[in-house]
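# Close look at the chain arrangement
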Amino acid sequence: MATELLPDNTRPEKSVNPIFKWLNERLDLVSIWHLAQKKEVPIHKHSIWYYMGGICLMFLIVQIITGILLMVYYVPDLNSAHASILKLNTRIDFGWFVRSLHCWAANLMIFVVFLHLFSTYFMKAYRKPREITWLVGMGLLVLVMGFGFTGYLLPWDQVSLFATKIGLDITAKVPVIGEQLAIVLRGGSVISQNTLSRFFAIHVILLPLLLFGLLAIHLLLIQLQGISTPKSIKVSDVKYEKFFPDFIFKDLLVWILSLNVLFVLVTFLPWGLGEEADLYAPAPIGIKPEWYFLSMFQFLKLIPAYIGPIEGELFGIIIISLIVLALALVPFWDKAESPKLSKLATYFGLIVLISMIVFSVWGALS
Ligand code: HEM
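So, a few notes on the structure that sits alongside this text. (Residues numbered from 1 in each chain as written. Predicted model: local features only at pLDDT ≥ 70, side-chain atom pairs only at ≥ 80, totals over all residues. Heavy atoms only, no water.)

## Describing the layout of surface pockets
If you roll a probe as big as a water molecule over the atoms, it shows you where there is empty space left. As a reminder, the rule being used: The method works on a 1 Å grid over the protein atoms by themselves. A cavity is a set of points holding a 1.4 Å probe that cannot get out, a pocket is an open set with protein on both sides within 12 Å along at least five of seven lines, and residues with an atom within 4 Å of a point line them. Grid points are joined across faces, edges and corners, and a volume is the space filled by probe spheres set on the points. A helix here means a DSSP run of H or I that spans at least four residues, while a strand means a run of E at least two residues long, and both kinds are numbered starting from the N terminus. Asp, Glu, Lys and Arg are counted as charged, while Ala, Val, Leu, Ile, Met, Phe, Trp, Tyr, Cys and Pro are counted as nonpolar; the rest, among them Gly, fall into the polar class.
Of the pockets and cavities examined, the largest pocket occupies roughly 1,700 Å³. Along its surface, the largest pocket is lined by 48 residues, and Met-145, Phe-293, Met-296, Ile-320 and Val-324 are the ones closest to its centre. Mapped onto the lining of the largest pocket, the elements with two or more residues apiece are helix 6 (95-122), helix 7 (131-153), helix 8 (158-173), helix 9 (178-186), helix 10 (193-225), helix 12 (291-302), helix 13 (312-328) and helix 15 (339-365). Top contributing element to the lining of the largest pocket by residue count: helix 7, with 9 residues. Along the lines of polarity and charge, the residues of the lining of the largest pocket split into 40 nonpolar, 7 polar and 1 charged.

## A short note on the coordination of the iron atom of the ligand
Spelled out, the test is: Listed donor atoms are N, O and S within 2.8 Å of the metal (Na, K and Ca: 3.2 Å). As water is not included, a site may look incomplete. Every geometry call rests on angle ranges, with four donors termed tetrahedral when all angles are between 85 and 135 degrees, four termed square planar and six termed octahedral when opposite donors are over 155 degrees apart and all others are between 65 and 115, and everything else termed irregular. Accessibility here uses a 1.4 Å probe with only protein chains present; expressed as a share of the type maximum, an area under 20% marks a residue as buried, one over 50% as exposed, and anything in between as partly exposed.
Here the iron atom of the ligand is held by the protein donor atoms His-116 (NE2) and His-218 (NE2), which lie 2.1 Å from it. Metal-centred angles of 85 to 179° between the 6 donor atoms at the iron atom of the ligand mark the site as octahedral. Here His-218 lies in helix 10 and His-116 lies in helix 6, a separation of 102 residues in the sequence. Residue class for His-116 comes out partly exposed when judged on its relative accessible area of 22%.

## Regarding the pattern of salt bridges
So the rule is basically this: Salt bridges are identified by distance alone: a Lys or Arg side-chain nitrogen within 4 Å of an Asp or Glu carboxyl oxygen.
Evaluated as defined, the whole model comprises 8 salt bridges. With a shortest N-O distance of 3.8 Å, Glu-25 and Arg-26 are connected by a salt bridge. Take Glu-25: its relative accessible area is 54%, and that puts it in the exposed class. Residues Glu-311 and Lys-173 are paired through a salt bridge, measuring 3.6 Å at the closest nitrogen-oxygen approach.

## Section: the packing of aromatic side chains
We apply this condition: We call Phe, Tyr and Trp rings a pair once their centres come within 6.5 Å, taking the six-membered ring for Trp, and we label the pair stacked below 30 degrees between planes, edge-to-face above 60, and tilted otherwise. Any Lys NZ or Arg CZ found within 6 Å of a ring centre and within 35 degrees of that ring's normal is scored as a charge over the ring.
Following the criterion strictly, the structure yields 21 aromatic pairs and no others. Here the aromatic residues Phe-111, Phe-149, Phe-199, Trp-291, Tyr-292 and Phe-293 are joined through ring pairs into a cluster of three or more. Sitting over the face of the ring of Trp-22, Arg-26 holds its NZ or CZ atom 4.0 Å from the ring centroid. Note that Lys-39 overlies the ring of Phe-243, its terminal NZ or CZ placed 4.5 Å from the centroid.

## Brief notes about a nonpolar patch on the surface
Rules: Patch criteria: residues need more than 30% relative accessible area and no salt bridge. Like-charged residues are merged within 9 Å; nonpolar side chains of Val, Leu, Ile, Met, Phe, Trp and Tyr are merged within 5 Å. In short, Shrake-Rupley with a 1.4 Å probe defines the accessible areas, and a residue's cover is counted only from the protein chains shown.
On the surface, Phe-122, Leu-302, Tyr-347, Leu-350, Ile-351, Ile-354, Val-358 and Trp-362 cluster together into a nonpolar patch covering about 760 Å² of accessible area. A per-element tally of the nonpolar patch places helix 15 first, with 6 residues. With respect to the helices and strands, Leu-302 occurs in helix 12. Under the relative-accessibility criterion, Leu-302 is labelled partly exposed at 40%.

## Section: helix 10
Here is the rule: Here, expected helix span is obtained from the residue count minus one, scaled by 1.5 Å. Fitting axes to the seven residues that end at a residue and to the seven that start at it, the angle between those axes gives the bend at that residue. A contact between two residues is defined here by any heavy atoms of the two lying within 4.5 Å.
For helix 10, spanning 33 residues, the distance from its first C-alpha to its last is 46 Å, which sits close to the expected 48 Å at 1.5 Å a residue. Remark: the principal bend of helix 10, roughly 40°, maps to Ile-202. Of all the positions in helix 10, only Thr-195, Leu-196, Phe-199, Phe-200, Ile-202, His-203, Leu-207, Pro-208, Leu-211, Leu-215, His-218 and Leu-221 are classed as buried. Tucked inside the fold, the buried residues of helix 10 contact helix 4 (52-71), helix 5 (81-90), helix 6, helix 7, helix 8 and helix 9.

Set out below in structure tokens:
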């Protein structure tokens with residue numbers, strides 16, 4: 001359809017759609033069209049992983065739309081937050097549906113972000129010239145986890161309150177900045193209205209602004225540099241397909257399939273709501289954070305109270321910080337020149353991935 005709109009040497013000028021002509025004179029749409037025509041995506045036995053970034057993007061769009069709708073009814077006040085979610089779940093038409101979409105899509109998005117991270121890691125897509133794309137991706141991961149952490153408290157139920165308490169206590173243990181950071185997030189030394197107000201502001205204003213900024217850089221770099229082909233694949237085994245329309249239509253198909261998974265989960269397992277939080281009640285037994293923090297939580301739980309003169313939790317946090325740092329800086333220590341470092345990077349990634357799965361399952365079952 002778009003080709004019919006395009007000015008073409010063989011077509012008389014009057015056949016050009018006037019709206020297109022008006023826009024083209026201002027936005028140079030023809031150049032953008034030619035650029036899209038030139039863009040190609042590699043096809044090989046690992047190309048399925050190229051769809052992950054797009055799925056993250058699709059879930060993000062779901063989050064923005066459903067998040068805006070939830071804000072119409074949600075009240076970020078200690079005495080009304082739980083009641084406002086209960087009202088959404090029970091008395092507002094399709095309220096339960098929009099809320100479940102938001103909660104399930106958040107979890108699916110974090111899951112797919114991890115798939116995207118590890119797939120780009122093992123395909124070594126972080127190597128030159130994509131170091132910045134990788135670093136910005138790490139920033140996006142932190143923001144996405146931040147959305148999960150701050151959003152979890154907002155319904156103000158018993159489990160969310162105590163999981164947040166644990167999260168903030170762990171944050172306080174981070175060397176140098178931890179204590180101050182926990183006080184700023186909490187808005188004091190104990191959880192109160194300040195905490196809920198701050199988490200709400202961070203969730204709906206600060207994190208979206210940061211995310212849009214980083215995502216714009218991430219997507220711009222991908223447009224500039226194109227998609228990488230793993231070095232492990234022989235040049236003769238790689239074919240190319242046009243980004244538009246071939247890849248984009250497959251991308252849309254994958255989006256529709258992912259939306260189907262989301263709708264099945266929302267319909268058959270609508271998101272629940274626990275008892276209203278009570279700041280003075282004792283912590284429920286066996287309280288755990290959300291699954292995406294579970295591997296770190298379980299790892300910290302297993303460390304003895306003291307390792308030599310160092311407090312066990314502090315020791316664990318230092319180890320986790322070093323692992324995250326090594327992951328973030330991988331483009332600078334695995335540059336393809338040394339086969340030994342390249343192998344080391346692959347094994348390091350494998351150990352991190354397997355440990356995350358093992359500790360998460362262990363945490364969930366214990
Ligand atoms: C909100 C989260 C994110 C979104 C929406 C997103 C989106 C995308 C999209 C659409 C692509 C192009 C297609 C593809 O290769 O999948 C891409 C590529 C890439 N992303 Fe992400 N991404 C996100 C998070 C991350 C994270 C956490 C990392 C890793 C730390 C990362 C690293 C990369 C890299 C290295 C590429 C280049 C892949 C290549 O050229 O082969 N991204 N991203």
